[in-house]
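Okay, here's what each chain looks like letter by letter:
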Amino acid sequence: MRERLRQSTRHAILESAAWAFNGGDVAAARMEDIAAGAGIAVGTLYNYFRDRQALVSAVLQSRTQGLLDALDDVIAEATAAGRAPAAFAADLHRFVGVLTRHCDDNRALMFGVIDEALQHGVDATAVNRQHSVATQFLARAARLLAYGVETGALRRAEPGLYAAMLLG
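Considerations on a nonpolar patch on the surface
- Taken together, the side chains of Phe111, Ile114 and Leu118 present a nonpolar region at the surface, about 340 Å² in accessible area.
- Its place among the elements puts Ile114 in helix H6 (residues 107-120).

Written out as structure tokens, the structure is:
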């Protein structure tokens, strides 16, 4: 029961922070407002996240994981047994749609993080996270595109090349 409450509180904090950060100015989002939006005291927020940077990182991780899970769902459905190869174009369209909706939904957050990096510099952790996320996106795109090659919907080529062209 305690762990569920802890997870629920963490989720409420992340949702409140994402909403606050998507307001446009990550640096201007006050920790007090984020705590209030989550229905907790600001001290409780700091029990979960040591500082703003840790909170921003957790929000980015949460949003990224949600996107990766949604892309995995598209790939699983596309590659399901008995699925017609002719449906590949629709599957690819859904894959790109998931990506674009995510970007639209999180546009202000992404720009806020970029602006903060431009103002304060980029740390090694952020660079590693960006590289890891890009690698994960490419891997998922390559899996879907390999299926397109396998079904004959795409010409024989290296799926990684198709993925780089799609996401490049």
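Overview of the nonpolar core
- Judged by nonpolar contacts, the single largest core of 23 residues is most densely connected at Ile13, Phe21, Ile34, Leu45, Phe49, Leu55 and Val59.
- Of all the elements in the fold, those that place two or more residues in this core are helix H1 (2-21), helix H2 (31-38), helix H3 (42-48) and helix H4 (52-78).
- Here Val59 is in contact with Leu14, Ala17, Ala18, Phe21 and Leu109, once residues within four sequence places are set aside.

Topic: the environment of Ala134
- Along the polypeptide, Ala134 turns up in helix H7 (residues 124-151).
- For Ala134, a relative accessible area of 36% corresponds to the partly exposed category.
- Counting along the chain gives 33 residues from Ala134 to Leu167, while the straight-line C-alpha distance between them is 9.0 Å.

Brief notes about the side chain of Thr9
- Here Thr9 lies in helix H1.
- Thr9 gets classed as buried once you look at its relative accessible area, which sits at 13%.
- The residues contacting Thr9, other than those within four sequence positions of it, are Ile40 and Tyr48.

Things to note about the layout of surface pockets
- Of the pockets and cavities examined, the largest pocket occupies roughly 740 Å³.
- When contributions to the lining of the largest pocket are tallied by element, the ones reaching two or more residues are H4, helix H5 (88-105), H6 and H7.

Quick word on the packing of aromatic side chains
- Going through the model one piece at a time under the given rule, you end up with zero aromatic pairs.
- Above the plane of the ring of Tyr48 lies Arg6, whose end atom (NZ or CZ) is 4.5 Å from the centre.

Some remarks on the packing of H5 against H7
- Across the interface, H5 lies against H7 with an axial gap of 10 Å and an inter-helix angle of 170°. The pairing of H5 with H7 is recorded here as roughly antiparallel in orientation. In contact with Phe88, Asp91, Leu92 and Phe95 of H5, H7 contributes Arg140, Ala141, Leu144, Leu145, Tyr147 and Gly148.

Here we look at the packing of H4 against H6
- Interhelical geometry of H4 versus H6 gives an angle of 140° and a closest axis separation of 12 Å. Relative to H6, the element H4 is oriented oblique. Relative to H6, the crossing made by H4 is left-handed. Contacts from Gln53, Val56, Val59, Leu60 and Arg63 of H4 reach H6 at Leu109, Val113 and Glu116.

Side note on the environment of Gly160
- Examined against the element boundaries, Gly160 turns out to sit in helix H8 (residues 159-167).
- Under the relative-accessibility criterion, Gly160 is labelled partly exposed at 30%.
- The spacing of Gly160 and Ala20 is 140 residues in sequence and 37 Å in space, taken between C-alpha atoms.

What to know about H6
- The end-to-end C-alpha separation of H6 is 20 Å, in line with the 20 Å expected for 14 residues at 1.5 Å each.
- Among the residues of H6, those classed as buried are Leu109, Gly112 and Glu116. One side of H6 carries all its buried residues, which in axial view fall inside an arc of 60°.
- Against the buried residues of H6 lie H1 and H4.
- Once H6 finishes, Gly121 follows within two positions and takes phi at roughly 90°, a positive value.

Definitions and cut-offs
Residues numbered from 1 in each chain as written. Predicted model: local features only at pLDDT ≥ 70, side-chain atom pairs only at ≥ 80, totals over all residues. Heavy atoms only, no water. Patch = residues over 30% accessible without salt bridge, like charges linked within 9 Å, V, L, I, M, F, W, Y side chains within 5 Å. Areas by Shrake-Rupley, 256 points an atom, 1.4 Å probe, with all protein chains shown as cover. Salt bridge = Lys/Arg side-chain N within 4 Å of Asp/Glu carboxyl O. Helix = DSSP H or I, 4+ residues; strand = E, 2+ residues; numbered from the N terminus. Core = buried A, V, L, I, M, F, W, Y, C linked by side-chain atoms within 4.5 Å. Buried < 20%, exposed > 50% of the residue type's maximum accessible area, 1.4 Å probe, protein only. Contact = heavy atoms within 4.5 Å. 1 Å grid on protein atoms, 1.4 Å probe; cavity = no way out; pocket = protein on both sides within 12 Å on 5 of 7 lines; lining within 4 Å. Points joined across faces, edges and corners; volume = space filled by probe spheres on them. Phe/Tyr/Trp six-rings, centres within 6.5 Å; stacked < 30°, edge-to-face > 60°. Lys NZ or Arg CZ within 6 Å of the ring centre and 35° of its normal. Axes fitted to C-alpha atoms, helices over the stretch in contact; angles between N-to-C directions. Parallel < 35°, antiparallel > 145°, perpendicular 65-115°, else oblique. Left-handed = near helix turned anticlockwise from the far one by under 90°. Expected span 1.5 Å × (residues − 1). Arc of directions from axis to C-beta.

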